Amino acid sequence: DALQTLNFGVSYTRRSNLSFGGDVLQFLSVGPSYSYALTENSSLSLAYQFRLRDDETNDLETGHRVFLSLTHQLALLN
């Protein structure tokens, strides 16, 4: 397994009411993430996202997100 990983992600989300009425929100997020394995089951990750939001009332908005996460895998069943 790799001790370090570098990834790049792109995601698109569209939200609307089930009745297809009201506002429609659309999001596009892009950004890199870096992970470092601390142990065999634990890792530390740092990620950045640039986010575009488009809806019918506010036009186009931009935003930035930064994530720092510590994860540990659990074995529930052996």
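Look above for the structure.
This one's a predicted model, so the numbers in the text were calculated from it and none came from an experiment. (Residues numbered from 1 in each chain as written. Predicted model: local features only at pLDDT ≥ 70, side-chain atom pairs only at ≥ 80, totals over all residues. Heavy atoms only, no water.)

Tallying secondary structure elements over the chain gives zero helices and four strands in all. Helices (α) and strands (β) of the chain occur, in sequence order from the N terminus, as β-β-β-β. Across the 78 residues in the chain, those meeting the buried criterion constitute 17%. Pairs at least 24 residues apart make up 37% of the contacts formed inside the chain by residues separated by at least 6 positions. Of the roughly 6,400 Å² of accessible surface on the chain, 56% is carried by carbon and sulfur atoms. (Helix = DSSP H or I, 4+ residues; strand = E, 2+ residues; numbered from the N terminus. Buried < 20%, exposed > 50% of the residue type's maximum accessible area, 1.4 Å probe, protein only. Contact = heavy atoms within 4.5 Å. Areas by Shrake-Rupley, 256 points an atom, 1.4 Å probe, with all protein chains shown as cover.)

Below, the discussion takes up the layout of surface pockets. In this structure, the largest pocket spans a volume of roughly 170 Å³. Along the wall of the largest pocket there are 14 residues; nearest its centre are Ala-2, Ser-35, Ala-37, Ser-42 and Ser-43. Of all elements in the fold, only strand 1 (4-15), strand 2 (25-37) and strand 3 (42-55) reach the threshold of two or more residues within the lining of the largest pocket. Here the lining of the largest pocket takes three residues from strand 2, the largest share from any one element. (1 Å grid on protein atoms, 1.4 Å probe; cavity = no way out; pocket = protein on both sides within 12 Å on 5 of 7 lines; lining within 4 Å. Points joined across faces, edges and corners; volume = space filled by probe spheres on them.)

Let us look at a nonpolar patch on the surface. A cluster of nonpolar side chains, contributed by Leu-3, Leu-6, Tyr-34, Tyr-36, Leu-38, Leu-44, Leu-46, Tyr-48, Val-66, Leu-68 and Leu-70, occupies part of the molecular surface with about 1,100 Å² of accessible area. Counting residues per element, the ones that place at least two in the nonpolar patch are strand 2, strand 3 and strand 4 (59-72). Mapped onto the secondary structure, Leu-68 falls in strand 4. Leu-68 sits in the exposed class, given a relative accessible area of 65%. (Patch = residues over 30% accessible without salt bridge, like charges linked within 9 Å, V, L, I, M, F, W, Y side chains within 5 Å. Salt bridge = Lys/Arg side-chain N within 4 Å of Asp/Glu carboxyl O.)

The next subject is the environment of Ser-35. Relative to the assigned elements, Ser-35 resides in strand 2. Discounting residues that sit within four places of it in the chain, Ser-35 has contacts with Leu-3, Gln-4, Thr-5, Leu-44 and Ser-45. Within the local environment of Ser-35, its side chain forms a polar contact with the side chain of Ser-45, the two groups lying 2.8 Å apart. (Polar contact = N/O pair within 3.5 Å; in protein donor to acceptor, adjacent residues only side chain to side chain.)

Structurally, the position occupied by Arg-51 is in strand 3. The buried charged residue Arg-51 lacks any salt bridge, with Glu-61 as its nearest oppositely charged partner at 8.6 Å. With residues near it in sequence (within four places) discarded, Arg-51 still touches Arg-15, Phe-27, Leu-28, Ser-29, Glu-61, Thr-62, Gly-63 and Arg-65. (Lys, Arg positive; Asp, Glu negative; His and termini not counted.)

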